[in-house]
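Chains, contacts and geometry: an overview
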Amino acid sequence: MLKTRRIGSGSRMHGWVAPAFTALTLAVTLAASSCGSSSSGSSSASSSPSSVKGVAQATAAVAAAEKMPAFTAPGAPVDMAKLRGKSVWIITSSLAIPFVASIAHGAQQAAQVAGWNVHLVDGQGVVSNWSKALEEAVAEHAAGVISIAASPEVMKSAMAQARAAGIPVVDVLTADQSSPLVAGTFAHVSISFYHSGQLQADYVIAHSNGNAHVLMFGDNEFPGEVTRIQGMEQQFRSLCPKCTYTFQDTQVGSLTTALPGLTQTLLRRSPDINWVLPTYDAQALYIVPAMKSMGSSAKVVSSDAVPSNLDWVAAQNVEIADVGEPDVWSGWAAVDEMGRALLKMAPVNPNIPLRTFVPTNLSGLSTSNEDQLWGGSYVNAYKHLWGLG
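Residues numbered from 1 in each chain as written. Predicted model: local features only at pLDDT ≥ 70, side-chain atom pairs only at ≥ 80, totals over all residues. Heavy atoms only, no water.

On to the overall build of the chain, then. Secondary structure summary: the chain contains 13 helices and 13 strands in total. A total of 389 residues make up the chain; the buried ones form 56% of that total. Pairs at least 24 apart in sequence give 77% of the contacts found in the chain among residues at least 6 apart. (Helix = DSSP H or I, 4+ residues; strand = E, 2+ residues; numbered from the N terminus. Buried < 20%, exposed > 50% of the residue type's maximum accessible area, 1.4 Å probe, protein only. Contact = heavy atoms within 4.5 Å.)

The final tally for this structure, using the stated rule, is one disulfide. The disulfide that involves Cys 240 links it to Cys 243, with 1.9 Å between the sulfurs. Taking the sign of the S-S torsion, about 60° here, the bridge from Cys 240 to Cys 243 comes out right-handed. As far as burial versus exposure is concerned, Cys 240 and Cys 243 are alike and both buried. (Disulfide = S-S within 2.5 Å.)

Strand β3 (residues 87–92) sits mainly inside the fold: five of its six residues count as buried. Alignment of β3 against strand β4 (residues 117–122), held across six bridges, turns out to be parallel. The residue of β4 that forms the bridge with Ser 87 is Asn 117. Strand direction decides the pairing type here: β3 and strand β5 (residues 144–148), joined by five bridges, are parallel. If you follow Val 88 over to β5, its bridge partner there is Gly 144. (Pairing = 2+ DSSP bridges.)

Further remarks concern the packing of helix α7 (residues 255–269) against helix α8 (residues 281–294). When two helices pack together, their arrangement is given by the angle between the helix axes and the distance between those axes. As a packed pair, α7 and α8 sit with axes 9 Å apart at the nearest point and diverge in direction by 50°. In terms of orientation, α7 lies oblique with respect to α8. α8 is crossed by α7, and the crossing has right-handed handedness. Contacts between α7 and α8 involve Leu 255, Thr 256, Leu 259, Pro 260, Thr 263, Gln 264, Leu 267 and Arg 268 from the first element and Ala 282, Gln 283, Tyr 286, Ile 287, Ala 290, Met 291, Ser 293 and Met 294 from the second. Grouping the amino acids of the contact of α7 with α8 by side-chain chemistry returns 10 nonpolar, five polar and one charged. (Axes fitted to C-alpha atoms, helices over the stretch in contact; angles between N-to-C directions. Parallel < 35°, antiparallel > 145°, perpendicular 65-115°, else oblique. Left-handed = near helix turned anticlockwise from the far one by under 90°. Nonpolar A, V, L, I, M, F, W, Y, C, P; charged D, E, K, R; others polar.)

Now for unusual backbone geometry. Keep in mind that most residues, glycine aside, have a negative phi and that most peptide bonds are trans. Phi at His 141 is positive, roughly 60°, even though this residue is not glycine. Structurally, His 141 can be placed in the loop between α3 (127–139) and β5. What makes His 141 exposed here is its relative accessible area of 68%. Residues other than glycine seldom take positive phi values, yet Ala 305 does so here, at roughly 60°. Position of Ala 305 relative to the elements: it lies in the loop between β11 (299–303) and α9 (307–315).

This part covers the environment of Ser 102. You can see Ser 102 is positioned in helix α2 (residues 98–114). Given a relative accessible area of 26%, Ser 102 falls into the partly exposed group. Sequence separation of Ser 102 and Val 306 is 204 residues, and the distance between their C-alpha atoms is 9.9 Å. Setting aside residues no more than four positions away along its own chain, Ser 102 makes contact with Asp 327 and Val 328.

A word on the side chain of Arg 355. Considering the arrangement of structural elements, one finds Arg 355 in strand β13 (residues 355–357). Buried charge Arg 355 goes without a salt bridge, the closest partner of opposite sign being Glu 66 at 7.9 Å. A distance of 3.1 Å separates a polar atom in the side chain of Arg 355 from the backbone oxygen of Glu 66. A polar contact of 3.2 Å, which involves the side chain of Arg 355, links it to the backbone oxygen of Lys 67. Excluding residues that lie within four positions of it along the chain, Arg 355 makes contacts with Ala 65, Glu 66, Lys 67, Met 68, Pro 69, Asp 322, Val 323, Gly 324, Asn 361, Leu 373 and Trp 374. (Lys, Arg positive; Asp, Glu negative; His and termini not counted. Salt bridge = Lys/Arg side-chain N within 4 Å of Asp/Glu carboxyl O. Polar contact = N/O pair within 3.5 Å; in protein donor to acceptor, adjacent residues only side chain to side chain.)

So this is what it looks like as C-alpha cells:
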C-alpha cells in the first residue's frame, strides 16, 4: 500500500531551498601546490612523459566507464519474507527533482515486491519539512525511514528522536559512500562522488590531449558535491600538468536567476576556457543555454545522467558527456539496505555503479529507459537475493 503527500508550502527551486548565491571565484593553475593559489607558474609541455602517461591513464578510465555495468551482490541474502507488512516511510527532499523522483519510484517498486506498506513524503525542498516528516514517522511508529537526498546532517534533532525510538534511517545519495554516518543513520546508499568527479576530469584530459582550460561549478551546500569537486581537482593535478581551471561555487536556490549570467561573465573574462564541468546536471540545464546564446565553443561534461542532459549528449549539443549513477537501481538498493537494518544484519556497500555516457553508448537508446541505460538485471538479482525470485 502506498500513501503520498506533501509537507509544508515552501517554494521549490529544483528541490532545495538554499542560502544566497556565493560569488567567490578562484582562478588557479593545477600545477600549483594549493587549490587556492592564483599562481600562473610554468607547467610541463603537453608532450612530456608525465602528460602522455596521464592522457593514457585517463583514456583507459573513460573506456572502462563507458561499458555497461554488471550487478554485484552487496552482501549475504536477506529474508524479506519475514518483513512483509512493515510500515516504511520514504522522505524525499523534493519530488520536483527528477533524479529524486526516480529513486523514490525505484524504492516504491522494491518495497511493493517486499510487501511493505509505504508512506511517501514530498519535502518540497524545505529543510524544516524533512525534519517534520521524520518526526511524524517516529510518532507513527514507522519500522524504518528511507531519506532520499534529504541529508540527516540537517535533521539531527529528528534523527536523535528516531534513534531513541529504535527506528533505522537509510539515507540515499546525500553524501559520499565512504563518509561518516550521522548518529542514527544505519547506512548510506550512495556512490563515490570523488570517483565521479575523477571520471569527469578523465574525459576532459583524454579528449583534450592533456591541454584543457576548465571552468568548474561546485555547490558547497551538499557534502557529496564538495567531494566530487575534490575528485576533479585531484585528477587534474595527478594526470594533467598543463591543465588549468577556474572554480566557481554556486547554490541551488539561485541557479535560475544567477547562473546563466554568471556563466557568460566567466567565459567572457577567460576566453581560453574550452571545457565546463558542472557538479550536477541541474546546473547544466542553465549553463548550456547560456553558452549557446553567447556562441561559446566550449564543451560541457556534467554529472547525474538526467534524461534531458543525456539527450544533449546524444545530440552532441554542447554537453558531450555525462557521468551518472542509476536512480531506480539506487531505490532498490535502499530497500535492500533497509531490509538488513530491520533484520538486525550488518550494513553493506550497495555497489551502486557509475557510468560515463557519450554519443556512442547512447545511440539507439531511450534516455528515459533506465533498463536500456544500465541493464535490468539488478531487479531479478535483488529478488533472488531476497528469496522472492
